[in-house]
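# Coordinate inspection notes
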Amino acid sequence: MKKILIVCALSAELNSVKETVKNLKIRDLKINYFTTGIWNYNTILNLTRFLENNSFDLVINIGVCGYKTEKIDAFQVARIYNLSNSKEVIVPNLIDFLSLESIACSEKIVTDNNILKEENFVDMESYGFEMVCDSFKIPRILLKIPVDKIWSETKNFDFEKAKLYLSKNIDYKTMLEKISIYLEKQEDKIDFEKYFKDFNLTFSEKEILKKLYFRYKSLVWSDFDIYFEENRYLNKKVFLKGLEEFLELYLIK
């Protein structure tokens, strides 16, 4: 059974989403839930800590956002423009579900439309969420629901309206069906635990082994399990160093 994680910034958002999804009685997906707190830095810190100790096939970020002029029910984030450093990231488009839109991401509450420039939507977590999921190489989807018009409604944010929109403005059944189809088409994930269990690896050492594994698969025309069985009783540092040096032999210099 595929495991997915639904992430919201606030518990009030998550509870609304969780209640709606649970009523659907989805049986072919194991769904977990997590709150990061607001702002990019909290998102990066808390989501990173959580993903270091938990594995998922796909992560979904669902949350409300502000809008400048045009209001729509909901959208998929395709591009994120970080206002603090003027950098943009493109989000992989995994499923055909909602309209694809660009969103600005701010480190503080936006009170002036002018700083958004050509952007119509703004939130405070999407950039951090995308950075973390990209670093873990986890498939992800970002869904945003415009609620408050900047600045007239932002300063008197309507939490009840936000909860209503979170439960009504997304067709969760269709979304999860599309995600299930997407995951079925993907190759089964590599079970790295069968390699990790023989070594007491730190998180960084696990990431090094993963990178070396994929390098092995691309360079060596043999099963990695053969190499592993021949070297599994080595000290972990000797094993990782030896694997790296072994792969060096296959590089064209």
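The structure this text deals with has already been given above.
Right, let's walk through the structure included here. Keep in mind the model is a prediction, meaning the values are calculated, not measured.

## Observations concerning the side chain of Glu119
By secondary structure assignment, the location of Glu119 is in the loop between β6 (100-105) and β7 (121-123). You can call Glu119 buried: its relative accessible area is 4%. In this view, Glu119 contacts Lys68, Arg79, Tyr81, Ser102, Ile103 and Ala104; residues no more than four positions away in its chain are not counted.

## Some points on the pattern of salt bridges
Across all of its chains, the model carries 14 salt bridges by this definition. Across the salt bridge formed by Glu119 and Arg79, the nearest N and O atoms sit 2.5 Å from each other. Here Arg79 lies in strand β4 (residues 75-82) and Glu119 lies in the loop between β6 and β7, a separation of 40 residues in the sequence. Of the charged contacts, one joins Lys173 and Glu177 as a salt bridge, the two residues approaching to 2.6 Å between their closest N and O atoms.

## With respect to helix α8 (residues 224-231)
Turning to α8, its buried residues number three or more, namely Phe224, Tyr227, Phe228 and Asn231. For α8, the angular spread of the buried residues around the axis is 100 degrees, confining them to a single face. Measuring from the side-chain oxygen of the N-cap residue of α8 to the backbone nitrogen of Asp225 gives 2.9 Å; that N-cap residue is Asp223.

## Quick word on the nonpolar core
Membership of the largest hydrophobic core comes to 30 residues, with the highest contact counts inside it found for Ile4, Ile6, Ile60, Ile62 and Ile179. For this core, the element with the most residues is helix α5 (residues 172-185), which contributes six residues. Apart from residues lying up to four places away in sequence, Ile6 is in contact with Leu14, Val17, Val21, Ile31, Asn32, Tyr33, Phe34, Ile60 and Ile62. Grouped together as the second largest cluster of nonpolar side chains are 25 residues, Cys65, Cys105, Tyr127 and Val132 included.

## Brief notes about the layout of surface pockets
Reported here for the second largest pocket is a volume of approximately 590 Å³. In this structure, the second largest pocket is lined by 32 residues; those nearest its centre are Ile38, Val64, Met124, Asp148 and Phe157. Those elements giving two or more residues to the lining of the second largest pocket turn out to be α1 (11-22), β3 (58-67), β7, β8 (140-149) and α4 (159-168). Along the lines of polarity and charge, the residues of the lining of the second largest pocket split into 19 nonpolar, five polar and eight charged.

## Describing the packing of α8 against helix α9 (residues 236-248)
Relative to each other, α8 and α9 sit at 135 degrees, their axes nearing to 11 Å. Taken as axis vectors, α8 and α9 run oblique relative to one another. As α8 packs across α9, the resulting crossing turns out to be right-handed. Facing α8, whose interface residues are Phe224, Tyr227, Phe228 and Asn231, α9 presents Phe239, Gly242, Leu243 and Phe246. Partitioned by chemical class, the residues of the contact of α8 with α9 number six nonpolar, two polar and no charged.

What counts and how
- Residues numbered from 1 in each chain as written.
- Predicted model: local features only at pLDDT ≥ 70, side-chain atom pairs only at ≥ 80, totals over all residues.
- Heavy atoms only, no water.
- Helix = DSSP H or I, 4+ residues; strand = E, 2+ residues; numbered from the N terminus.
- Buried < 20%, exposed > 50% of the residue type's maximum accessible area, 1.4 Å probe, protein only.
- Contact = heavy atoms within 4.5 Å.
- Salt bridge = Lys/Arg side-chain N within 4 Å of Asp/Glu carboxyl O.
- Arc of directions from axis to C-beta.
- Polar contact = N/O pair within 3.5 Å; in protein donor to acceptor, adjacent residues only side chain to side chain.
- Core = buried A, V, L, I, M, F, W, Y, C linked by side-chain atoms within 4.5 Å.
- 1 Å grid on protein atoms, 1.4 Å probe; cavity = no way out; pocket = protein on both sides within 12 Å on 5 of 7 lines; lining within 4 Å.
- Points joined across faces, edges and corners; volume = space filled by probe spheres on them.
- Nonpolar A, V, L, I, M, F, W, Y, C, P; charged D, E, K, R; others polar.
- Axes fitted to C-alpha atoms, helices over the stretch in contact; angles between N-to-C directions.
- Parallel < 35°, antiparallel > 145°, perpendicular 65-115°, else oblique.
- Left-handed = near helix turned anticlockwise from the far one by under 90°.

These values are about where atoms sit, not about what they do.
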